[in-house]
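Results of the structural survey
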Amino acid sequence: MTAKGHCLCGAVEMTLHEAPSTTGACHCTMCRRWSGGVFMGVHVKAGAASVKGATSISAFKSSDWAERCFCKTCGTNLFYRVTADGPMKGDMHIGLGLLDDANGIEMTEEIFIDEKPDSYAFAGERKTMTGAEVFAMFAPPE
């Protein structure tokens, strides 16, 4: 089963080759500035999505390990993509709100929990990770 999504103007359309069952929330300062709030994303492995309208996508290198992509026409934030060498290179985290149908997708984790402001909180229990724990995932092996 696949999942489809698109930006506000429809210039960029995405097809996920496998419908996601989980989502995560990122509370880092960068994601909150980029999305205007908490970023809810679905993890899509490199090559596991097709993109129509790729010429309408612009990328901003936001860190040493990722870029943030958006629609050049309407400005919709689309996804961030891992650019660092390693097993996650090319993986994307596509905004949950872009999906045509996000029903039945469970929030299973919150990352950068140590940067979450006290102005909001999600109900329920799930896995949480601090910024240091997230960065450790991208550290080169020793």
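Residues numbered from 1 in each chain as written. Predicted model: local features only at pLDDT ≥ 70, side-chain atom pairs only at ≥ 80, totals over all residues. Heavy atoms only, no water.

**Points about the overall build of the protein chain**
Heads up, the condition is: Where helices and strands are cited, they refer to DSSP runs of H or I of at least four residues and of E of at least two residues respectively, numbered from the N terminus. Radius of gyration: C-alpha atoms only; globule rule: 2.2 Å multiplied by the number of residues to the exponent 0.38.
Looking only at helices and strands, the protein chain features two helices and eleven strands. In the protein chain, the order of α-helices and β-strands from amino to carboxyl end is β-β-β-α-β-β-β-β-β-β-β-β-α. Taking 2.2 N^0.38 as the reference for a compact globule, 142 residues should give roughly 14 Å; the C-alpha atoms of the protein chain span a radius of gyration of 15 Å, in line with that estimate. Overall, the C-alpha framework of the protein chain stretches about 35 × 35 × 30 Å when taken along its three principal axes.

**Here's the deal with the nonpolar core**
Keep this limit in mind: In this description, a nonpolar core means a group of buried Ala, Val, Leu, Ile, Met, Phe, Trp, Tyr and Cys residues linked to one another through side-chain atoms lying within 4.5 Å. Remark: exposure states derive from per-residue accessible area (1.4 Å probe, protein chains only) relative to the maximum for the residue type, with buried under 20%, exposed over 50%, and partly exposed in between. Residue contacts are counted whenever heavy atoms from the two residues lie within 4.5 Å of one another.
Counting 19 residues, the largest nonpolar core has Met-14, Leu-16, Leu-78, Phe-79 and Ile-94 as the members making the most contacts within it. Counting residues per element, the ones that place at least two in this core are strand S2 (13-16), strand S4 (39-44), strand S7 (66-71), strand S8 (77-82) and strand S9 (92-95). Excluding anything up to four places from it in sequence, Phe-79 contacts Met-14, Trp-34, Ile-57, Glu-67, Arg-68, Cys-69, Met-92, His-93 and Ile-94.

**Considerations on the state of the cysteines**
By definition, a disulfide links two cysteine residues through a covalent bond between their sulfur atoms. Here is the rule: For this text, the term disulfide refers to a pair of cysteine sulfurs within 2.5 Å.
Tallying each qualifying case throughout the model produces zero disulfides. Summary of cysteine pairing: Cys-28 is not part of a disulfide, and the nearest cysteine sulfur, belonging to Cys-26, is at 3.6 Å. On the accessibility criterion, Cys-28 (8% relative accessible area) is buried. The structure places no disulfide on Cys-69, whose sulfur is separated from the nearest cysteine sulfur, that of Cys-71, by 11 Å.

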